[in-house]
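Below, each chain spelled out in residue letters.
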Amino acid sequence: MNPANKIWINGKIASFKKSGLFCFNQALNYGASIYEGIRFYNTDSGPAIFRLEGHLKRFFYSASALRMKLGFNKIDLEHAIKSLIRANRLSSGYIRPLSFYSELKMGINILNSKVSTIILVWPWRETKQPKTVRIKVVKYKRLNPNSIDMKAKISGYYVNGLLGFIEAREGGFDEPLFLDHNNFIAEGAVNNIFLVKNKILYTPRAENILAGITRDTILRVSEDLGFKNVEKDIRLEFLKDVDEVFLTGTGIELEMVKEIGDFFYNKNNQWPVTDRILKYYQDIVHGRINKYKNWLTYL
Ligand code: PMP
């Protein structure tokens, strides 16, 4: 199937060849693309990428979920990322690898379609003052794990997150919180959630969410600071009893939650546990904690 010569674009008839090449593909039309979000930090021993191996593993997993033939392996991608950072002369920032079905082709048969990959990097200012956010529990439910491959980061899924985000913003909040299909607390649009109560960190089970790499980092290191972890199904009502709530994600690291609708309100504006974990996390990503140095890939 080939497009006709002319397309209509932003109010004008134009030639397909000149203006339409970017839109006649399965990525744009059906969300058939995958991506990663990775950070690199300026450490005492130079720039280093945090948990690159985990991110590459997830990227290749996402590609396999959509049967993408990338044409390169993890080592190639690692080299590409490093050389791109060097070419941009950046010492800290954010990395966005993105693979998408780019062939001039329509219809949903993506099997054997051509894939393109791009990598973007941009500087990311390190958080000095942690952000606090107000959250709305939105009416949209997290995608049912029986309907999608939860472990893959597929662009099309993010429409669910975007709808929740619109609802939260239009309701006067910063971020959405999604419940899962059983009405247990799930996650944010692009981040995971932790609740703190009596030195215990509670977080939803991995099955019904995209269990992020930052979430995994927190679960693996929190015992060093004397905290216990519990992964379980959590009802909204449980929020009424907790001391602190924070969100996690590669970009935001840890973000303090001030309020979750009628269910949680941090009156005294203090997050002592979140603060301690955030400081420790920042020490880890900057290579200041020896036992976690193997999470860093130096340029
Ligand atoms: N949930 C969703 C839906 C996400 O898109 C992300 C961002 N990748 C996260 C959670 C947090 O994951 P990570 O800690 O790996 O950035």
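So, how was this worked out
Residues numbered from 1 in each chain as written. Predicted model: local features only at pLDDT ≥ 70, side-chain atom pairs only at ≥ 80, totals over all residues. Heavy atoms only, no water. Helix = DSSP H or I, 4+ residues; strand = E, 2+ residues; numbered from the N terminus. Rg over C-alpha atoms; globule rule 2.2 N^0.38 Å. Buried < 20%, exposed > 50% of the residue type's maximum accessible area, 1.4 Å probe, protein only. Contact = heavy atoms within 4.5 Å. Areas by Shrake-Rupley, 256 points an atom, 1.4 Å probe, with all protein chains shown as cover. Lys, Arg positive; Asp, Glu negative; His and termini not counted. Charge placed at Lys NZ, Arg CZ, Asp CG, Glu CD. Core = buried A, V, L, I, M, F, W, Y, C linked by side-chain atoms within 4.5 Å. 1 Å grid on protein atoms, 1.4 Å probe; cavity = no way out; pocket = protein on both sides within 12 Å on 5 of 7 lines; lining within 4 Å. Points joined across faces, edges and corners; volume = space filled by probe spheres on them. Phe/Tyr/Trp six-rings, centres within 6.5 Å; stacked < 30°, edge-to-face > 60°. Lys NZ or Arg CZ within 6 Å of the ring centre and 35° of its normal. Pairing = 2+ DSSP bridges. Near = heavy atom within 4 Å. Polar contact = N/O pair within 3.5 Å; in protein donor to acceptor, adjacent residues only side chain to side chain. Sits in = over half its atoms within 2 Å of the grid points. Nonpolar A, V, L, I, M, F, W, Y, C, P; charged D, E, K, R; others polar.

### Brief notes about the overall build of the chain
No. 1: Helices and strands together make up the secondary structure of the chain, namely seven helices and 17 strands.
No. 2: For 299 residues, the compact-globule estimate of 2.2 N^0.38 gives 19 Å, and the C-alpha radius of gyration of the chain, at 21 Å, lies within 12% of that figure.
No. 3: Reported as C-alpha extents along the three principal axes, the dimensions of the chain are approximately 65 × 45 × 35 Å.
No. 4: Relative to its 299 residues, the chain shows a buried fraction of 49%.
No. 5: Taking the contacts inside the chain whose residues are at least 6 apart along the sequence as the reference set, 68% of them involve residues at least 24 apart.
No. 6: For the chain, the accessible area works out to roughly 15,300 Å², and carbon and sulfur atoms hold 51% of it.
No. 7: Side chains of the chain carry 44 positive and 30 negative charges; the gap between the two charge centres is 6 Å.

### Details of the nonpolar core
No. 1: In terms of nonpolar packing, the biggest core is built from 29 residues, with I49, L66, M68, I81, I85 and I95 touching the most fellow members.
No. 2: Of all elements in the fold, only β3 (33–35), β4 (38–43), α3 (52–65), α4 (74–87), β6 (93–101) and β7 (115–122) reach the threshold of two or more residues within this core.
No. 3: Here this core gets five residues from one element, more than from any other, and that element is α3.
No. 4: Sequence-distant contacts of I85, defined by excluding residues within four places in its chain, comprise F40, I49, L90, I95, V121 and L299.
No. 5: Counting 24 residues, the second largest nonpolar core, distinct from the first, contains A48, I218, V221 and V273.

### Considerations on empty space enclosed by the protein
No. 1: Taken as a whole, this structure holds two cavities of 30 Å³ or more when the rule is applied.
No. 2: For the largest cavity, the calculated volume is near 50 Å³.
No. 3: Lining the largest cavity we find R39, Y41, F50, H55, I213, T214, T250 and Y281.
No. 4: Listing elements by their share of the lining of the largest cavity, those giving two or more residues are β4 and α6 (213–221).

### Notes on the packing of aromatic side chains
No. 1: Evaluation of the coordinates by the stated rule reveals twelve aromatic pairs.
No. 2: Where F59 meets F60, the ring centres are 6.0 Å apart and the plane angle is 80 degrees; that geometry is what we call edge-to-face.
No. 3: Through a chain of ring-to-ring contacts, the aromatic side chains of F50, Y280, Y281, Y292 and W295 assemble into a single cluster.
No. 4: Above the plane of the ring of F173 lies R134, whose end atom (NZ or CZ) is 4.7 Å from the centre.
No. 5: One residue, R142, lies across the ring of F178, its end atom 4.7 Å from the ring centre.

### A word on the pairing of strand β15 (residues 253–260)
No. 1: Across the eight residues of β15, eight count as buried, placing the element largely inside the fold.
No. 2: Bridge count between strand β8 (residues 132–141) and β15: four bridges; the pairing is parallel. Bridging across to β15, T132 finds its partner in M256.
No. 3: A loop of three residues connects strand β14 (residues 244–249) with β15, the two strands running antiparallel in sequence.
No. 4: Of the pairings in the sheet, the one linking β15 to strand β16 (residues 264–265) comprises two bridges and is antiparallel in character.

### What to know about the site of the ligand
No. 1: Around the ligand sit 15 residues, and of these K153, Y158, E187, T214 and T250 come closest.
No. 2: Residue R58 places a side-chain N or O atom 2.9 Å away from an oxygen atom belonging to the ligand.
No. 3: One of the side-chain N or O atoms of T214 is found 2.6 Å from an oxygen atom in the ligand.
No. 4: Contact with the protein chains removes 95% of the 390 Å² of surface that the ligand exposes when unbound.
No. 5: Placement of the ligand is best described as lying within the largest pocket.
No. 6: Each residue belonging to the shell around the ligand can be placed in one class, and the counts come to five nonpolar, six polar and four charged.

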